[in-house]
Amino acid sequence: MNKPKILVVGSMNMDLLIYDVPRIPKMGESVFCSSYAYATGGKGSNQAFAASKQGAEVVMVGRVGADDNGRILAKEIEKAGVRTDCLSYDKEAQTGLAIMNVDKEGKYFSCVALGANENLSPQDVEAALEKEKFDMVVMQLEMPLEVVYRTYEMAAERNIPVFLDAGPAMSIPLERLKGIFVISPNEAETEALTGISVENEEKAILAAKKLYKEAEPQYVLLKMGSRGAMLYDGKEAKMIPCFHVDAVDSTAAGDTFGAAFAVQYCKGAKMEEAIRFGHAAAGICVSKKGGQPSIPTEEETTEFLKQQN
Ligand code: RIB
């Protein structure tokens, strides 16, 4: 398939990135950081931006406020080629805002005011699914849970595979996601979903099995940071290592991994090959500051991969 068509459902936030956060402050305390920047983000918007840069035709279903940040977010994903005809502008709520506190190693903790994202509805998704056909639906959890469940159900009725990036970390019932194509949490998200901290491969296998039992997906795909990713298909667990890069900012790396994986898979790549491509795209993303501004194109990712061989 030359140009897969992907529907991304999820959040859109303006990100305020604060760099070189020395440590998590205590309540009532301030810590000094080196610099800051604004960038367009939100897990859904990052996935849409990345899928488009990676060569898919992308339609975004999301909700922003009728304010400057909302317009900036829409314009940025449009510039990346994402179709915004299914975006809604909320007159009652502000556009979501995330404060991304990034440390010297590129890791972050964040505070997110979801704003208009909280008003996204299953009807918004249904309208998009009714209009046209898609090869895959890509989503995450930064939106009302009912939208997550209904999106899966509506996609399943139409035989569209769904890729779920299970972020941000939360414990949710997985009953209504039974049969999903891929469920892909990172380490913190895996712990929130399973109660198992994946500090080693044995524990990761236990967590993958637990998730598999509960959600009955085709694949569990655990993102394990610099250790790579673990793919579990109900029979076999396999570690697919990632590439070593100097990490500067991990914002949007997970979103980029999932989107690049989804596009490559739709284009006909085998699971492991698509995961390697996802690793490469995420590797480029973490080596630069900011979320969307550091998401690579498919060509840049292919070039990066060539240099690794
Ligand atoms: O996954 C990264 C994203 O999470 C950021 O862009 C921020 O908006 C938060 O939602």
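Everything discussed here concerns the structure shown above.
Each value, and the rule that gives it
Residues numbered from 1 in each chain as written. Predicted model: local features only at pLDDT ≥ 70, side-chain atom pairs only at ≥ 80, totals over all residues. Heavy atoms only, no water. Helix = DSSP H or I, 4+ residues; strand = E, 2+ residues; numbered from the N terminus. Rg over C-alpha atoms; globule rule 2.2 N^0.38 Å. Buried < 20%, exposed > 50% of the residue type's maximum accessible area, 1.4 Å probe, protein only. Contact = heavy atoms within 4.5 Å. Areas by Shrake-Rupley, 256 points an atom, 1.4 Å probe, with all protein chains shown as cover. Lys, Arg positive; Asp, Glu negative; His and termini not counted. Charge placed at Lys NZ, Arg CZ, Asp CG, Glu CD. Pairing = 2+ DSSP bridges. Axes fitted to C-alpha atoms, helices over the stretch in contact; angles between N-to-C directions. Arc of directions from axis to C-beta. 1 Å grid on protein atoms, 1.4 Å probe; cavity = no way out; pocket = protein on both sides within 12 Å on 5 of 7 lines; lining within 4 Å. Points joined across faces, edges and corners; volume = space filled by probe spheres on them. Nonpolar A, V, L, I, M, F, W, Y, C, P; charged D, E, K, R; others polar. Near = heavy atom within 4 Å. Polar contact = N/O pair within 3.5 Å; in protein donor to acceptor, adjacent residues only side chain to side chain. Sits in = over half its atoms within 2 Å of the grid points. Parallel < 35°, antiparallel > 145°, perpendicular 65-115°, else oblique. Left-handed = near helix turned anticlockwise from the far one by under 90°. Salt bridge = Lys/Arg side-chain N within 4 Å of Asp/Glu carboxyl O.

Participant: When you look at the overall build of the protein chain in this model, what are you seeing that I'm missing?
Facilitator: Scanning the protein chain for helices and strands turns up nine helices and 13 strands. Relative to a compact globule of 309 residues, whose C-alpha radius of gyration would be 19 Å, the protein chain shows 18 Å and is just as compact. Each of the three principal axes of the protein chain carries a C-alpha extent, and together these read 50 × 45 × 40 Å. Counting across all 309 residues of the protein chain, residues that qualify as buried make up 55%. The contacts of the protein chain with a sequence gap of at least 6 include a subset with a gap of at least 24, amounting to 68%. Working note: accessible area of the protein chain is about 13500 Å², and carbon and sulfur atoms make up 50% of it. Each charge sign in the protein chain was given a centre, from 34 positive and 44 negative side chains, and these centres are 2 Å apart.

Participant: Please explain the sheet that holds strand β6 (residues 96–102) as it appears in this structure.
Facilitator: Within a sheet, neighbouring strands are paired by backbone hydrogen bonds and run either parallel or antiparallel to one another. Strands sit in the order β3-β2-β6-β7 across an open sheet of four strands; the sheet is mixed. Sheet topology places β3 (35–41) and β7 (108–113) at the edges, where each strand pairs with a single neighbour. When the angles between neighbouring strand axes are averaged without regard to direction, this sheet yields 20 degrees. Pairing analysis gives six bridges linking β6 to β7, with the strands arranged antiparallel. Across the sheet, Val102 pairs through a bridge with Tyr108, a residue of β7.

Participant: What exactly am I supposed to notice about helix α3 (residues 122–131) here?
Facilitator: Taken as a whole, α3 has its buried residues at Pro122, Asp124, Val125, Ala128 and Leu129. Looking straight down α3, one finds its buried side chains confined to an arc of 160 degrees; they lie on one side. For α3, the exposed residues lying more than 90 degrees away from the buried face are Gln123, Glu130 and Lys131. Looking at the buried positions of α3, the neighbouring elements they touch are β1 (5–9), β4 (57–65), β5 (87–90), β8 (136–139) and α4 (145–157).

Participant: Sorry, what's going on with the layout of surface pockets here?
Facilitator: Over the atoms, a rolling probe the size of a water molecule traces out where space has been left empty. In this model, the largest pocket occupies a volume close to 1300 Å³. The wall of the largest pocket is formed by 45 residues, among which Gly225, Ser250, Ala253, Gly254 and Val286 lie closest to the centre. At the level of elements, β2 (13–19), α1 (43–53), β6, β7, α5 (187–194), α7 (253–266) and α8 (271–286) are the ones that each hand at least two residues to the lining of the largest pocket. Among the residues making up the lining of the largest pocket, the classes are represented as 18 nonpolar, 16 polar and eleven charged.

Participant: Explain the site of the ligand to me, please; I cannot follow it from the model alone.
Facilitator: Close to the ligand lie Asn13, Asp15, Gly41, Gly42, Lys43, Asn46, Ala98, Met100, Tyr108, Glu142, Ala252 and Asp255, which account for all nearby residues. Contact between the ligand and Gly42: an oxygen atom at 2.9 Å from a main-chain N or O atom of the residue. The cavity that encloses the ligand is the largest pocket. Sorting the residues of the shell around the ligand by element identifies β2, α1 and β6 as the ones contributing at least two each. When its residues are assigned to classes, the shell around the ligand shows four nonpolar, four polar and four charged.

Participant: How do you make sense of the environment of Lys235 when you look at a structure like this?
Facilitator: Along the chain, the position of Lys235 falls in the loop between β12 (229–232) and β13 (237–240). With relative accessibility at 76%, the residue Lys235 sits in the exposed group. It is 9.2 Å that separates the C-alpha atoms of Lys235 and Lys209, two residues lying 26 residues apart in sequence.

Participant: Which parts of the structure should I look at to understand the packing of α1 against α7?
Facilitator: Where α1 meets α7, the closest approach of the two axes is 8 Å, and the angle between their N-to-C directions is 40 degrees. In terms of orientation, α1 and α7 fall into the oblique class. The interaxial crossing formed by α1 with α7 has right-handed handedness. On α7, the residues that touch Lys43, Asn46, Gln47, Ala50 and Ala51 of α1 are Asp255, Thr256, Ala259 and Val263. Per-class residue counts for the contact of α1 with α7 are four nonpolar, three polar and two charged.

Participant: Whenever I open this one, the pattern of salt bridges confuses me. Can you help?
Facilitator: When their charged atoms lie close together, side chains carrying opposite charge are able to pair. Per the stated rule, a full pass over the model turns up 24 salt bridges. Linking Glu132 and Lys5 is a salt bridge whose minimum nitrogen-to-oxygen distance equals 2.5 Å. Taken as a pair, Glu132 in the loop between α3 and β8 and Lys5 in strand β1 lie far apart in primary sequence, 127 residues in all. Both residues of the pair, Glu132 and Lys5, count as buried. Residues Glu146 and Arg176 are paired through a salt bridge, measuring 3.0 Å at the closest nitrogen-oxygen approach.

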